[in-house]
Amino acid sequence: MDLQMVNICSEQWTNINNELNAKIISELHYEEVIFPDPINTNDWIWEVDGATWVFKAKQHIWQNLVIDSDSITRNGKPNINSAELITDIAKSIRLDDIILGNLIEEIQQTLYADLIAYQHRDSYSLAQLTALSGIALQAILKGHPKAIANKGRLGWGVNELARYAPEAAQSFQLHYLAIDKSLTQIGIELPLPLDKESRSEPVNTQALLLAQLMSTADKNRLLDKLNQHGMKSDEYWIIPIHPWQFSQFIVPQFTALFANNSLIDLGVTGDFYQAQQSIRTLSNLTSPTKNDIKLPITILNTSCYRGIPGKYITSGAVLSKTINQLCQQDEFLTQCNLQVLQEWAGIHVPQTTQMRIPGTPYRYNEMLGVIFRQSPAALLQSGQQDKLAAALMQTDNQGNSFIAAYIKDSKLDVQTWLTRLFDCTVIPLYHLMCQYGIALVSHGQNLTILFEDNIPTGLAIKDFHGDLRLVDQEFEELNIFPAHIKKTLTRLPANYLLHDLYTGNFVTVLRFVSPYLQAEMGYSETEFYQLLNARIRHYQAQFPTLKERFELFDLLAPTMEKICINRVRFKVGYQDTSERLLPELGTPIANPLFREQEQHYSIK
């Protein structure tokens with residue numbers, strides 16, 4: 001295969017390094033890794049052995065720095081490569097050289113991917129960017145706002161990035177395997193609505209799975225291949241595999257199963273897909289209303305290897321169905337237009353040798369499987385658009401924010417628009433927590449906002465295989481879940497569970513949104529968080545019987561714990577672990593939602 005390297009432009013390379021440097025300094029200052037000092041209101045300095053970094057920045061309501069990326073200098077020189085900044089940081093915290101070397105690799109990978117995304121954004125005007133469909137939007141987003149190396153994808157080179165990375169916006173078909181059913185763990189809840197083509201076929205699970213992946217003609221060819229091997233199709237599950245995963249891991253790590261016909265290679269076929277921001281979740285380009293497909297890809301990206309754990313597979317579909325029923329039956333959630341992207345089927349295949357090793361690296365137990373999830377496009381009514389909540393933090397290459405453009409195009413004033421946003425995102429998620437003891441990690445990729453005329457009108461939630469947790473108390477409302485489902489779910493104390501919303505959404509989304517509205521629309525951060533406070537209190541006033549729950553899940557407390565994700569990598573490094581890494585705690589932060597003059601939970 002010919003090398004698929006992008007054109008590397010000096011000016012663009014400088015811009016993305018400067019942007020990443022600003023992010024690194026800002027986030028590591030927020031996580032208390034480095035400690036720049038203010039020279040005056042707008043100028044800051046950070047000194048380490050042999051280097052003096054100076055930059056212009058404003059300290060915002062979360063005490064984080066918003067840095068002018070073009071102002072950053074090292075020893076008086078501008079436009080410094082990010083690897084040099086990382087090296088200076090390593091000196092200041094006495095980072096192990098092995099960790100530093102790996103971190104530089106991850107930073108360089110991120111910069112290259114950022115370059116691809118930068119060039120992709122450059123081909124659109126701001127108006128065109130904000131009008132992009134949910135699928136097209138995936139290619140231009142900047143990724144995790146807190147992780148300093150958010151596109152590491154360790155294990156991929158330039159050809160894989162050009163073919164399979166979201167910013168490349170390329171379509172590809174999937175590889176298919178027939179797998180002996182006796183080897184699988186499954187969780188399937190049927191049916192979802194079928195398309196016209198599949199309604200005429202006998203309704204069976206395998207037919208429904210394949211109908212979401214390919215045409216009837218492609219399905220018949222696939223079954224013919226299986227029959228040619230002399231196998232009974234009802235003894236096998238046919239599932240898709242990411243093409244890279246198939247060649248890199250499935251063939252060499254599962255060879256014994258190919259040898260005894262427990263796995264049968266059926267080749268590449270079916271619909272065309274494009275990667276979403278999470279890399280392993282794919283959108284169907286051939287038929288956008290068909291299911292999204294989540295596939296394991298054993299590469300290290302941000303905090304973990306992007307596999308699919310078997311732990312939640314057997315319960316995921318039932319869990320998804322239960323949450324959907326809850327949202328339909330709860331009158332308040334219906335009024336909020338909270339929708340569920342149902343994860344109606346999951347299949348997992350363990351590596352038979354690795355599964356018997358208790359302390360084996362977790363990535364070896366997450367190599368083969370699939371999750372079928374309803375596409376946001378399948379929920380849309382006429383005139384609606386779906387956009388990840390991550391789009392609210394996005395800018396064009398000139399620094400103009402999407403959220404300001406959405407508000408201006410909506411013809412609403414800022415406060416009315418934000419009220420609509422909070423009422424259809426924060427409030428239903430808080431209701432799930434307080435009424436039911438259910439929390440979803442509410443970061444920018446898990447939340448899909450439904451828009452009409454650039455106005456937020458609803459929310460679709462997803463990712464119940466691991467990102468949905470329950471309070472560790474026995475709320476009566478949790479009896480909606482079967483006992484075996486509750487046993488598989490993570491149970492957390494209320495003060496931990498709270499962070500799925502507070503840190504997941506307020507710190508990881510809204511913290512990056514509010515400065516844009518202050519800078520571009522003159523709507524101060526104080527006004528922003530006072531409005532959010534008011535909407536939470538308005539909700540609380542509607543449910544006086546939940547007073548004790550509001551005290552348990554206190555979003556308006558004076559201080560909140562600070563969750564730090566980058567510090568973990570500095571501490572643990574890049575060695576394999578048997579479990580996924582957990583974040584660290586920093587110094588508690590002053591909560592921007594706290595209003596001292598108001599007594600908590602006074603319900604009138």
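Placed above this text is the structure.
Let me sum up the structure you'll find in this document. (Residues numbered from 1 in each chain as written. Predicted model: local features only at pLDDT ≥ 70, side-chain atom pairs only at ≥ 80, totals over all residues. Heavy atoms only, no water.)

Along its length, the chain carries 22 helices and 25 strands. For the chain, whose C-alpha radius of gyration is 24 Å, the value lies close to the compact-globule estimate of 25 Å for 604 residues. Expressed as a percentage of the 604 residues in the chain, the buried residues total 59%. Considering only contacts in the chain between residues 6 or more positions apart, those separated by 24 or more positions represent 73%. Total accessible area on the chain is roughly 24,100 Å²; 49% of this is exposed by carbon and sulfur atoms. Side chains of the chain carry 50 positive and 64 negative charges; the gap between the two charge centres is 2 Å. (Helix = DSSP H or I, 4+ residues; strand = E, 2+ residues; numbered from the N terminus. Rg over C-alpha atoms; globule rule 2.2 N^0.38 Å. Buried < 20%, exposed > 50% of the residue type's maximum accessible area, 1.4 Å probe, protein only. Contact = heavy atoms within 4.5 Å. Areas by Shrake-Rupley, 256 points an atom, 1.4 Å probe, with all protein chains shown as cover. Lys, Arg positive; Asp, Glu negative; His and termini not counted. Charge placed at Lys NZ, Arg CZ, Asp CG, Glu CD.)

Here the focus is the nonpolar core. By size, the foremost hydrophobic cluster in this structure holds 93 residues, and its most contacted members are I24, L177, F254 and L368. Here this core takes nine residues from helix 3 (residues 97-122), the largest share from any one element. Residues from two domains meet in this core; each of domain 1 (10-138) and domain 2 (170-329 + 342-376) gives at least three. Setting aside chain neighbours within four positions, we find F254 in contact with F249, L263, V349, P350, Q351, M367 and L368. In terms of nonpolar packing, the next biggest core, distinct from the first, is built from 87 residues, L418, M433, F475 and F553 among them. (Core = buried A, V, L, I, M, F, W, Y, C linked by side-chain atoms within 4.5 Å. Domains from an automatic or database assignment.)

Taken as a whole, this structure holds three cavities of 30 Å³ or more when the rule is applied. Here the largest cavity is characterised by a volume of approximately 80 Å³. Lining the largest cavity are L300, S303, Y305, Y362, R569, G573, Y574, Q575, D576, T577 and L581. For the lining of the largest cavity, the residue count by class is five nonpolar, four polar and two charged. (1 Å grid on protein atoms, 1.4 Å probe; cavity = no way out; pocket = protein on both sides within 12 Å on 5 of 7 lines; lining within 4 Å. Points joined across faces, edges and corners; volume = space filled by probe spheres on them. Nonpolar A, V, L, I, M, F, W, Y, C, P; charged D, E, K, R; others polar.)

Turning next to the state of the cysteines. Scanning the model with the defined rule gives zero disulfides in all. Cysteine C304 shares no disulfide, and the gap to the nearest cysteine sulfur, in C564, comes to 18 Å. With no disulfide of its own, C434 lies closest to C336 among cysteine sulfurs, the gap being 13 Å. (Disulfide = S-S within 2.5 Å.)

To find leftover empty space, one rolls a probe the size of a water molecule over the atoms. Each pocket or cavity is described by its volume, and for the second largest pocket that value is around 1,400 Å³. For the second largest pocket, the lining is made up of 48 residues, of which V66, I67, K142, T395 and Y516 are closest to its centre. Contributions of two or more residues to the lining of the second largest pocket are made by helix 1 (10-30), strand 3 (51-59), strand 4 (65-67), helix 3 and helix 19 (499-521). Top element by residues in the lining of the second largest pocket is helix 1. It accounts for nine residues. Here the lining of the second largest pocket is built from residues that sort into 17 nonpolar, 17 polar and 14 charged. A domain split of the lining of the second largest pocket shows at least three residues from each of domain 1 (10-138) and domain 3 (381-556).

The next subject is the packing of helix 16 (residues 426-436) against helix 19. For the pair helix 16 and helix 19, the least separation of the axes is 11 Å and the interaxial angle reads 170°. It follows that helix 16 is roughly antiparallel to helix 19 by the angle criterion. Read as a crossing pair, helix 16 and helix 19 show a hand that is right-handed. Between helix 16, through V426, L429, Y430 and M433, and helix 19, the contact on the second element is made entirely by L501, N505 and F506. (Axes fitted to C-alpha atoms, helices over the stretch in contact; angles between N-to-C directions. Parallel < 35°, antiparallel > 145°, perpendicular 65-115°, else oblique. Left-handed = near helix turned anticlockwise from the far one by under 90°.)

Here the focus is the packing of aromatic side chains. Across all of its chains, the model carries 22 aromatic pairs by this definition. Residues W62 and Y502 carry aromatic rings whose centres are separated by 5.9 Å and whose planes lie at 65° to one another, so their mutual orientation is edge-to-face. With W62 in the loop between strand 3 and strand 4 and Y502 in helix 19, this pair connects stretches of sequence that are 440 residues apart. The class for W62 is buried, based on a relative accessible area of 2%. What makes Y502 buried here is its relative accessible area of 0%. Geometry around F475 places R549 over its ring, the cationic atom sitting 3.6 Å from the centre. The side chain of R569 reaches across the aromatic face of Y574, ending 4.7 Å from its centre. (Phe/Tyr/Trp six-rings, centres within 6.5 Å; stacked < 30°, edge-to-face > 60°. Lys NZ or Arg CZ within 6 Å of the ring centre and 35° of its normal.)

Attention shifts here to the pairing of strand 10 (residues 263-275). Along strand 10, 10 of the 13 residues are buried, which leaves the element largely enclosed by surrounding structure. The pairing of strand 7 (residues 172-180) with strand 10 spans seven bridges and is antiparallel. Pairing of A178 across the sheet is with I264, part of strand 10. Inspection of the sheet shows strand 10 paired to strand 11 (residues 281-284) by three bridges, in the antiparallel sense. (Pairing = 2+ DSSP bridges.)

The backbone of N261 shows a phi angle near 65°, a positive value even though the residue is not glycine. In this fold, N261 is placed in the loop between helix 11 (255-259) and strand 10. When its relative accessible area of 30% is taken as the criterion, N261 is described as partly exposed.

Spatial relationships are all this shows, so hold off on functional conclusions.
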